[in-house]
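What the coordinates show
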Amino acid sequence: MLEQQLFNALSLGCVYALFALGFTLVFGVLGVINLSQGAIFMVGAYAALTAITQLHAPLWAAILFAFVFSGTVGLLIDRIVLKPLRKRDAPHLIPMIATIGLGLAMNSLVQGLFGAENQRFPSEILPQDSLQIAGVSVTVLELGIILVSFVLMTVLMITLKKTQLGRALRAIAESPKAARLLGINVEGLFMLTSFAAAGLGGISGVLIGLYSNALFPLMGQPMLHKGIAVIILGGMGDIRGAMLAGLFLGFAEVLSVAYIGSNMRDAVAFGLLFLVLLVRPKGLFGSVQERKV
Amino acid sequence: MNQIHGLARISCLAIAAATALGVASAAQAADIRIGVAEALSGGAAQYGISIRNGFQLAVEEINAAGGVNGNKIELVIEDEQGKKEEAINAFKKLIFQDKALMLFGPTLSNSAQAADPIAQASKIVVFGTSNTADGITTIGDHVFRNSVTEADVLPVTIKTAARVANIKKVAVLYGNDDVFTKSGYDNFKKALDDQKMPITTTETFAKGDVDFKAQLTKIKATNPDAIVLSALLAEGAPIMVQARQLGLTVPFIGGNGMNSVKVFDLAKGASDGLWVGSPWSIENRTPQNNGFIVAYTKKYSSAPDQFAAQAYDAMHIATEALKKVKLSGDLAKDREAVQAALPAVKWTGATGAFSFRRVNDKSGKPAGYDANQVPIVSTTRGKNYEIEK
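Residues numbered from 1 in each chain as written. Chains lettered and ligands numbered in written order. Predicted model: local features only at pLDDT ≥ 70, side-chain atom pairs only at ≥ 80, totals over all residues.

Quick look at the confidence of the model for chain B
Residue and element names in this part refer to chain B.
- Per-residue pLDDT for chain B averages 89, and the proportion of residues at 70 or more is 92%.
- With pLDDT under 50 throughout, residues 12-30 is counted as low confidence; its partners more than four residues away or in other chains account for six contacts.
- The ipTM assigned to the predicted complex is 0.85, against a pTM of 0.77. (pLDDT = per-residue confidence, 0-100. Contact = placed C-beta atoms within 7 Å.)

And the structure:
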C-alpha cells in the first residue's frame, strides 16, 4: 500500500507541477499573476476535445492543437489587455483584476457553447488498463504526465539558463527598461512568453482532463487555487521551485489521506505549506532581493 | 388622480369580464376542478413539464373511461416558475379564485415549504409528486406526497445489494463540501448503522478534485465488499474509473446523485457494478408501467421520466379517493371529504404498489402523509440498468 501511495503522490504532484510551470513562467517574465490561467487550462482541454470528437484527430495532434489554440488565446490576452495596461504603467493589481474578468468571460463562453454538464475524452483514445509494476498499479497516462512534467521543467530551465533567449528573458525579468536599452526586443519576448505559458496551460488542461475524466467549464478553478499555492511555495517565477512545490503538495495531500484521514487532507497540506513559508517567506527557491526567472 | 381612477375602473372591468368568462366556460366544461401549480418555466421547467404531461395523460385516460362517477376532471394549470413567491400566488389563485377541489404541486421542495402552509390553512388537500426534502408533510394533515425520499430509498438499496451481492462490510466515500452529497452520506450512515453493516473506513473528497487514488488505495487496503458512494456524477464517474484502474473491482452503492444514465458515458469502460435505487425505472416491465410508457410515448413523442410517472400515478391515486367522495356542492365540505378519503387509497401504477404512511410533526403529533412504496433497485451492466429483486 505504501508503494502505491508514494506513486499516487508522485503522479498527483506532477499534475500540480504541470499546471504550475506555465503559471510561474508568466510571472517570472511579465511580473503578472495571470488569474485567467485556470480558464486557459480549461480552454485547452475543450479545444482538444473538439479536435478529437469533431475532427477525429489523434491524441498527439489534439495536444498540439490545444497548445496552439490556448497559446493564441494567451497571446491575444497579452496584446489586447495586458499590453495597454503596461503602456500606462498600471499598478500590478490592475492586470490581476483584469485577468480575473477574462477568466470569468472565458468560463461563461465555454458554458454557453458546450453546456455546464460534464464531458469526457473518448475512452478509446488511450489504453485505460493499468500495468502492474512491482505491485503498483500504473496507467500509461500517469507515466506520461510524470515524464512530460520533468521534461518540460528541464527544457524550460535549460532555455532560461543556457541560451541567448534565456539571457534576454532574464534581463527583462530584472528590468524591462534596461533590457530595451540593451537592444532586446522586449515586446516580442513578452508575446513569446505569453504564447508559451498559455500553450503549456492548454497542454496541462488536456493531460489533466484525461486524468480526471471530467471536463467542465469551471474545471480550472480548483486547479488555479492550488497552482497559486504551488508557485508561492516554489518561489514566485522559479521553474525548479514550481516543480518541487507541486511535488510537495502532491505528497502532502496523499500522505495525509493515507496516514491522518481524508477529512484533514487540505488542513494538513496547507498547514505544512504555511509552515514552510514561515521559515522561508520567499518560497523554496525565491531569493530575498531579486526576482528570478 | 382622475386618470388613476379611470385606469383602476378599466382594470376592474377587465377582471370582472375575465372572471365571468372563466366561470361561464368552466360551468360548461367540467364538474371536478383540480388545481395544478408546477414550474413550467425557469430552471426547474424540465421537471415541471414532465409532471404536467403526466397529469394530462392520466386525466385524458380517466375522462375517456367515463370520469369520476360520471363527472369529468378539469385541470387548472398554473406556472409557478420554480419560485417560492410564484408558488404562493399560484396556490392563492387556485384556492380562492378558481375554487379548486384539491391541489397538485409545487415542483420544488423549497416552494412547497413556502406554499403548502397556505393550503393547510385553507383546509384543502395539497398533493406533491416531486418534493423529497424533509419537513414537507410535517406541515399538516392536508399535505400529501407520493415522491419517495432518499431516506426511504437508500436503506432498500443497501439491503438489496447486501443480499444479492453478499456484502458483509463496506467502505464509505463522500463529498464533504456539498450539502446534497453530505445529506446523502448522513442517510447512508443511518441506514448502515440500522442494518448493523460494519464500515471499514470513511473517506472524503472535495469538489473539483481530480485525483481520488489516495482515498481509493486506502479503501482497497481495508478490503471491503462494496463502496458506498455519496457523490455527484462529476466526481462519482472519475472515482469509478480510478477505482477500477487500481484493481478495486468491488461494487459501488450510489445515492441519488449517481442515478443518471450519463454514468454510462462518463465512466465508460468502468461503469459496471453500480447499485442505485429509484422510485421508477423504464426497465420495470409490469403491465401498468408498460401501459404508461406506451401511452406517454405516443402522446408526447418522447420517453417518460420518473417525474412524469410519479405525476401520472398521483392523479390516479387522487381519482381513487374522489370516487369515494359524494360531492355536495358545498366547497369547504367537499374539500374536507377529499382529505378524509385520500389516506386509505391503495393503488398499483407505473411506479408499483403504493399506499400512504402518516408522519408526525416535530412535536410528535400526527401530520401529513408520505409515500409508502418500495423503490426499485438496479445495477449497471454494459449500457443498461438491470433490476434486482
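Structure's up, so let's keep going.
Points about the interface of chain B and chain A
- Taken residue by residue, the interface counts 25 residues in chain B and 28 residues in chain A.
- Where the side of chain B that touches chain A is concerned, the elements lending two or more residues are strand 7 (199-205), helix 7 (213-221) and helix 8 (233-245) of chain B.
- Grouping the constituent residues of the side of chain B that touches chain A by class yields twelve nonpolar, eight polar and five charged. (Helix = DSSP H or I, 4+ residues; strand = E, 2+ residues; numbered from the N terminus. Nonpolar A, V, L, I, M, F, W, Y, C, P; charged D, E, K, R; others polar.)

Here we look at helix 1 (residues 2-30) of chain A
Residue and element names in this part refer to chain A.
- Given a rise of 1.5 Å per residue, 29 residues ought to cover 42 Å, and the 41 Å separating the end C-alpha atoms of helix 1 matches this to within 8%.
- The buried fraction of helix 1 amounts to 25 of the 29 residues, a majority that puts the element mostly inside the structure.
- Looking one or two residues past helix 1, glycine 31 carries a phi angle of roughly 70°, positive in sign. (Expected span 1.5 Å × (residues − 1). Buried ≥ 20, exposed ≤ 12 C-beta atoms within 10 Å, placed from the backbone.)

Overview of the confidence of the model for chain A
- Looking at chain A, pLDDT values average 89 and 97% of them are 70 or higher.
- For chain A, per-element mean pLDDT is lowest for strand 1 (residues 130-133) of chain A, which scores 84, and highest for helix 2 (residues 37-54) of chain A, which scores 96.

A look at helix 11 (residues 306-324) of chain B
- For helix 11 of chain B, spanning 19 residues, the distance from its first C-alpha to its last is 28 Å, which sits close to the expected 27 Å at 1.5 Å a residue.
- Buried residues dominate helix 11 of chain B, accounting for 16 of its 19 residues.

Quick notes on unusual backbone geometry
Residue and element names in this part refer to chain B.
- Cis geometry marks the peptide bond from glycine 105 to proline 106; its omega dihedral reads -15°.
- Non-glycine residue glutamine 81 carries a positive phi angle of around 60°.
- Note on placement: glutamine 81 falls in the loop between strand 2 (73-79) and helix 3 (84-97).
- Backbone geometry places asparagine 166, a non-glycine residue, at a positive phi of 55°.
- By the secondary structure assignment, asparagine 166 is in the loop between helix 5 (150-164) and strand 6 (170-175).
- According to the C-beta neighbour criterion, asparagine 166 is exposed, with 9 such atoms within 10 Å.

Some thoughts on the packing of helix 2 of chain A against helix 3 (residues 59-87) of chain A
All names here are of chain A.
- Orientation of helix 2 relative to helix 3, taken along the N-to-C sense of each, is 140°, at an axis distance of 8 Å. In terms of orientation, helix 2 lies oblique with respect to helix 3. Both helix 2 and helix 3 take part in a crossing whose hand is right-handed. Touching Ile40, Val43, Gly44, Ala47, Ala48, Ala51 and Ile52 of helix 2 are Ala61, Ala62, Ile63, Phe65, Ala66, Phe69, Ser70, Val73 and Gly74, all from helix 3.
- Each residue belonging to the contact of helix 2 with helix 3 can be placed in one class, and the counts come to 13 nonpolar, three polar and no charged. (Axes fitted to C-alpha atoms, helices over the stretch in contact; angles between N-to-C directions. Parallel < 35°, antiparallel > 145°, perpendicular 65-115°, else oblique. Left-handed = near helix turned anticlockwise from the far one by under 90°.)

Thoughts on the nonpolar core
- In this structure, Ala48 of chain A together with Leu103 of chain B are the most contacted members of the largest nonpolar core, which totals 197 residues.
- The element best represented in this core is helix 1 of chain A, accounting for 16 residues.
- Taken together, domain 1 (31-148 + 286-374) and domain 2 (151-278) of chain B each give at least three residues to this core, which thus spans both.
- What alanine 48 of chain A contacts, discounting residues up to four positions off in sequence, is Ala62, Ile63, Phe65, Ala66 and Val206 of chain A. (Core = buried A, V, L, I, M, F, W, Y, C linked by C-beta atoms within 7 Å. Domains from an automatic or database assignment.)

Points about the domain arrangement of chain B
- As assigned here, chain B comprises domain 1 (31-148 + 286-374) and domain 2 (151-278).
- Here the C-alpha centroids of domain 1 of chain B and domain 2 of chain B sit 33 Å apart.

Quick look at the packing of helix 1 of chain A against helix 7 of chain B
- One way to put it is that helix 1 of chain A packs onto helix 7 of chain B with a least axis distance of 9 Å and a crossing angle of 170°. One finds that helix 1 of chain A runs roughly antiparallel with respect to helix 7 of chain B. Only Lys213, Ala214 and Thr217 of chain B of helix 7 of chain B make contact with helix 1 of chain A, whose side of the interface consists of Gln4, Gln5 and Asn8 of chain A.
- For the contact of helix 1 of chain A with helix 7 of chain B, the residue count by class is one nonpolar, four polar and one charged.

A closer look at the sheet that holds strand 9 (residues 252-254) of chain B
Residues and elements named next belong to chain B.
- Taken in spatial order, the seven strands of this open sheet run 7-6-8-9-10-14-15, and their pairing is mixed. Edge positions in the sheet fall to strand 7 and strand 15 (384-388), since each of these pairs with one other strand and no more. Sheet twist, expressed as the average angle between the axes of neighbouring strands with direction ignored, equals 25°.
- Pairing between strand 9 and strand 10 (residues 274-278): two bridges, direction parallel. For isoleucine 253, the partnering residue across the bridge sits in strand 10 and is tryptophan 275.
- Together, strand 8 (226-230), strand 9, strand 10, strand 14 (376-381) and strand 15 form the strand contacts of helix 5, whose direction differs from that of strand 10 by roughly 140°. (Pairing = 2+ DSSP bridges.)

Let's talk about the environment of leucine 272 of chain A
- Note on placement: leucine 272 of chain A falls in helix 11 (residues 265-279).
- Counting along the chain gives 233 residues from leucine 272 of chain A to alanine 39 of chain A, while the straight-line C-alpha distance between them is 28 Å.

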